[in-house]
Amino acid sequence: MIVKNEEGVLERCLSSVQGLVDEIIIVDTGSTDNTKLVARKFTDKIFDFKWEDDFSKARNFAFQFASSDYIMWLDADDVVPPESLKKLINLKEEIDGSVDVYMLKYNTSFDEFNNPIFSFYRERIMKNDGTFVWNGFIHEAIAPHGEIRYCDIAIEHRKDRPSDSWRNLNIYRKHIKRGEKLSARESYYYSRELFYHEYYKKCIAQLNRTLLYEDLWIEDRLGAIILKATCLQILKKYKQSRIELFKSFEFAAPRAKALCMIGDSFLEENKYLQAAYWYESSMNQVEEKEKNSFIEKDYFDYYPALNLCVCYFYLNNLKKAEEYNNIALKVKPNDPIATNNKIFFKNKIN
């Protein structure tokens, strides 16, 4: 782990892996609170690293102290839930050295019922053989290689406070100012930071540069296309947005989010039949097909169902509108929008 000023969450994280790991290695990048005191309750392997605006350097520094056969990494605001802990203990007993990387689910966003609505697979456990190296000064990652196994085991990212929204963008600016060339992945994530700060035109320009990289990972390429389309929709350029989204079909099976966004663009233009077609298409997608991508669960059921309710209402098909609203309500029983719609339909029928 690499940490900085995490006294509020570190104990929660480390407590969640008790009984699983053989050693805990903490690299502190400049804490001014009681982070180290908390860490000492669990380990004596605590090291200092002078922060250089480069997350990969810090993580690779941490990896060099690992002495076990496999390394598992966590962030301080991560939690291993009890059901995942049991699965990991069982997995550990089965390990025979034939697998190089274990990909685990990473649930990073939750609805009001604590159900994950945003998740993706990450390289979470890998062999300690010196071949697994972190790359990228921000949004760092390890390129999986060798024998890779996907496991239905989830790590939860549970933030307890908002992070500095400008930190990442400022780090990018520092590196760019120094004349450093961004990698394909760094270029894509720099675009995302521009988007988060509502620099939509700058984001589009950066995404255009990103999409020229031949070594851009396919999932980042799809993400870049979808992000560009999102910017265009915000700028009310709906036809251009659709053109971008259609391009994503060249690289992989249509993503549920892309299909919903095409529906959104038609809905904004009051083209309800076209919109309904694309929303229905998104409901036919299978989540398993998107294993390597960012999975936003709402785009498979709740979101398209709610918008289909709108479409069929304006197409004067109240029966079908109500049916789709009931689907949305089944997914989220206490959702205020779908609940109000249910009351509306009941009054309309009466």
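The present account deals with the structure reproduced in this document. (Residues numbered from 1 in each chain as written. Predicted model: local features only at pLDDT ≥ 70, side-chain atom pairs only at ≥ 80, totals over all residues. Heavy atoms only, no water.)

Helix and strand content of the protein chain: 14 helices and eleven strands. Projecting the C-alpha coordinates of the protein chain onto the three principal axes gives extents of approximately 70 × 45 × 40 Å. Within the protein chain, the fraction of its 350 residues that count as buried is 50%. The contacts of the protein chain with a sequence gap of at least 6 include a subset with a gap of at least 24, amounting to 64%. Only carbon and sulfur atoms are counted for the fraction: they give 51% of the accessible area of the protein chain, which is about 18000 Å². (Helix = DSSP H or I, 4+ residues; strand = E, 2+ residues; numbered from the N terminus. Buried < 20%, exposed > 50% of the residue type's maximum accessible area, 1.4 Å probe, protein only. Contact = heavy atoms within 4.5 Å. Areas by Shrake-Rupley, 256 points an atom, 1.4 Å probe, with all protein chains shown as cover.)

Along any regular strand, the residues point their side chains to alternate faces of the sheet. Strand β6 (residues 101-110) sits mainly inside the fold: seven of its ten residues count as buried. When β6 meets strand β7 (residues 116-127), the two strands line up antiparallel, connected through nine bridges. What sits directly across from S109, in β7, is F118. Counting the residues between successive antiparallel strands, the hairpin from β6 to β7 contains five residues, one of them, N114, with a positive phi of roughly 70 degrees. The pairing of β6 with strand β10 (residues 148-157) spans seven bridges and is classified as parallel. Following the sheet pairing, N107 is matched in β10 by E156. (Pairing = 2+ DSSP bridges.)

Applying the stated criterion across every chain, the model contains 27 aromatic pairs. Taken together, a centroid distance of 5.6 Å and an interplanar angle of 75 degrees make the contact between Y106 and F120 edge-to-face. In this pair, Y106 is assigned in strand β6 and F120 in strand β7, connecting sequence segments 14 residues apart. Here Y106 falls in the buried class, since its relative accessible area comes to 5%. Ring centres of F246 and W278 lie 5.8 Å apart, and the angle between their planes is 45 degrees; on these two criteria the pair is classed as tilted. Linking F246 in helix α9 (residues 238-247) with W278 in helix α11 (residues 272-283), this pair joins segments that are 32 residues apart in sequence. Exposure remark for W278: the relative accessible area of 16% places this residue in the buried category. Ring pairing ties together the aromatic residues F63, W73, Y106, F118, F120 and W134, which thus form one cluster. A cation over a ring is seen here: R59 above W134, with NZ or CZ 5.0 Å from the ring centre. A cation over an aromatic ring shows up here: R158 above the ring of F110, its NZ or CZ 3.6 Å from the ring centre. (Phe/Tyr/Trp six-rings, centres within 6.5 Å; stacked < 30°, edge-to-face > 60°. Lys NZ or Arg CZ within 6 Å of the ring centre and 35° of its normal.)

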